[in-house]
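# Coordinates in review
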Amino acid sequence: MKAIRVHEFGGPEVMKLEEVPDLTPGPGQVVVSVKAVGVNPVDSYIRTGTYYLKPPLPYTPGMDAAGTVEAVGEGVDSVKVQERVYVGGTLSGAYAEQALCNASQVHRLSERVSFAQGAGVNVPYATAYRALYNRAHAQPGETLLVHGASGGVGIAAVQMARAGGLTVIGTAGTERGRKLVLEQGAHHVVDHRKEGYAEEIMALTNGRGIDVILEMLANVNLARDLTLLALRGRVVVIGNRGSIELVSIHAALVAGLESGTLNPVVGREMPLADAPLAHRAVIEPGAHGKIILIPAR
Ligand code: NAP
């Protein structure tokens, strides 16, 4: 099979498409035939070699993918061969035609979403869920500011919060991004590149302030966020810590994909060989949903 391999840390160009041996599952493991791969900013931090997660070289990048189950190891009864699935992390890397996973990393993918959408579930939606509910304890009726709502995590948070009965204000830096944020369920959208936008946000709350802020760029915004908070308000900094796999989070995500409250937005699809281009694009401003890589086979 083909996989992106990184033999040395560095710029996007260190990612090369190579032929590698096919994978076979051990006990408790699953091999997924990958149909689409989700590109996350953290993939590019890891590739530089300066991030706290430093895989032994060579390695295949990526934590998010969707596809069908190709083979299951001894003792696996949670999924069946040919079942549609998305993965929450892998053992072998996601930027490949096949991915080896522990059975606990493989989750059912509803028929109502595409493989490309499924590849945009794990990191964005699990992060948004954890921030909104496990950290901020958001409640229906509260006001939420998604500070950076046009990207993978922001859109996931907007959809979840709208379905959960919050009043949602999103921010985006482009006209296209702001339109997307409104389409995905935000009640209001503002431009985080515009002078004086904090006053605009405050006015939208009639001066009361925001109950929960999910912050995508804390180094730029944290001080300003504190001035926007209502009494007993909370800010969750969505930093770059490793993702925690919680069974309850994925149970909620699988249900949301089935019911249609969660709908991953695919902004751009590229061939797997274009992983270097995708790593440049995921860091550039102008987010519009997820960037997805498509393996050839
Ligand atoms: P993404 O798809 O690349 O989106 C980035 C978002 O940040 C866009 O909405 C972008 O808006 C916004 N942004 C840019 N400048 C901003 C500003 N001045 N103020 C507020 N927002 C601004 O990335 P993502 O996957 O959503 O991830 C967002 C951040 O969370 C990244 O830094 C990522 O590393 C981090 N993260 C952490 C975890 C974790 O486990 N803790 C998990 C996932 C992601 P425009 O492009 O419209 O300007």
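Residues numbered from 1 in each chain as written. Predicted model: local features only at pLDDT ≥ 70, side-chain atom pairs only at ≥ 80, totals over all residues. Heavy atoms only, no water.

So, on to the sheet that holds strand S11 (residues 210-215). With parallel pairing, the five strands of this open sheet are ordered in space as S10-S9-S8-S11-S12. Every interior strand has two partners, whereas the edge strands, strand S10 (188-191) and strand S12 (229-237), have only one. When strand polarity is set aside, the average angle formed by the axes of neighbouring strands in this sheet is 20 degrees. The pairing of strand S9 (residues 167-172) with S10 spans four bridges and is parallel. (Pairing = 2+ DSSP bridges. Helix = DSSP H or I, 4+ residues; strand = E, 2+ residues; numbered from the N terminus. Axes fitted to C-alpha atoms, helices over the stretch in contact; angles between N-to-C directions.)

So, on to the nonpolar core. Grouped together as the largest cluster of nonpolar side chains are 40 residues, with contacts concentrated most on Tyr 86, Leu 144, Met 160, Val 168, Leu 214 and Leu 253. When residues of this core are traced back to their parent elements, those giving at least two are helix H3 (122-135), strand S8 (143-147), helix H4 (152-163), S9, S11 and helix H8 (247-259). By size, the runner-up hydrophobic cluster in this structure holds 35 residues, among which are Val 6, Val 37, Val 42 and Val 106. (Core = buried A, V, L, I, M, F, W, Y, C linked by side-chain atoms within 4.5 Å. Buried < 20%, exposed > 50% of the residue type's maximum accessible area, 1.4 Å probe, protein only.)

Let's shift gears to helix H9 (residues 275-283). Listed as buried for H9 are Ala 275, Pro 276, Ala 278, His 279, Ala 281 and Val 282. On its buried side, H9 packs onto strand S1 (2-6), strand S2 (15-19), strand S3 (29-39), helix H1 (41-48), strand S13 (266-271) and strand S14 (290-294). (Contact = heavy atoms within 4.5 Å.)

We now examine the packing of aromatic side chains. Enumeration according to the criterion identifies four aromatic pairs in this entry. Seen from their ring centres, Phe 9 and Tyr 59 are 6.1 Å apart, and the 40 degrees between their planes marks the pair as tilted. Separated by 50 residues along the polypeptide, Phe 9 in the loop between S1 and S2 and Tyr 59 in the loop between H1 and strand S4 (64-72) bring together distant segments of the chain. Tyr 59 sits in the buried class, given a relative accessible area of 8%. With a centroid separation of 4.9 Å and an interplanar angle of 50 degrees, the aromatic rings of Tyr 51 and Tyr 52 are classed as tilted. For Tyr 51, a relative accessible area of 10% puts it in the buried group. Each member of the aromatic cluster is reached from another via a ring pair, and the members are Tyr 45, Tyr 51 and Tyr 52. When the ring centre of Phe 115 is taken as reference, the NZ or CZ atom of Arg 84 above it lies at 4.6 Å. (Phe/Tyr/Trp six-rings, centres within 6.5 Å; stacked < 30°, edge-to-face > 60°. Lys NZ or Arg CZ within 6 Å of the ring centre and 35° of its normal.)

Time to look at the packing of H3 against H4. What describes two packed helices is the angle between their axes and the distance between those same axes. At their nearest, the axes of H3 and H4 sit 8 Å apart, and the two run at 55 degrees to each other. The orientation of H3 relative to H4 falls into the category oblique. Every pair of crossing elements has a handedness; the one defined by H3 and H4 is right-handed. Side by side, H3 and H4 meet where Pro 124, Tyr 125, Thr 127, Ala 128, Tyr 129, Leu 132 and Tyr 133 of the first sit next to Gly 152, Val 153, Ala 156, Ala 157, Gln 159, Met 160 and Ala 161 of the second. Of the residues contributing to the contact of H3 with H4, the split by class is 11 nonpolar, three polar and no charged. (Parallel < 35°, antiparallel > 145°, perpendicular 65-115°, else oblique. Left-handed = near helix turned anticlockwise from the far one by under 90°. Nonpolar A, V, L, I, M, F, W, Y, C, P; charged D, E, K, R; others polar.)

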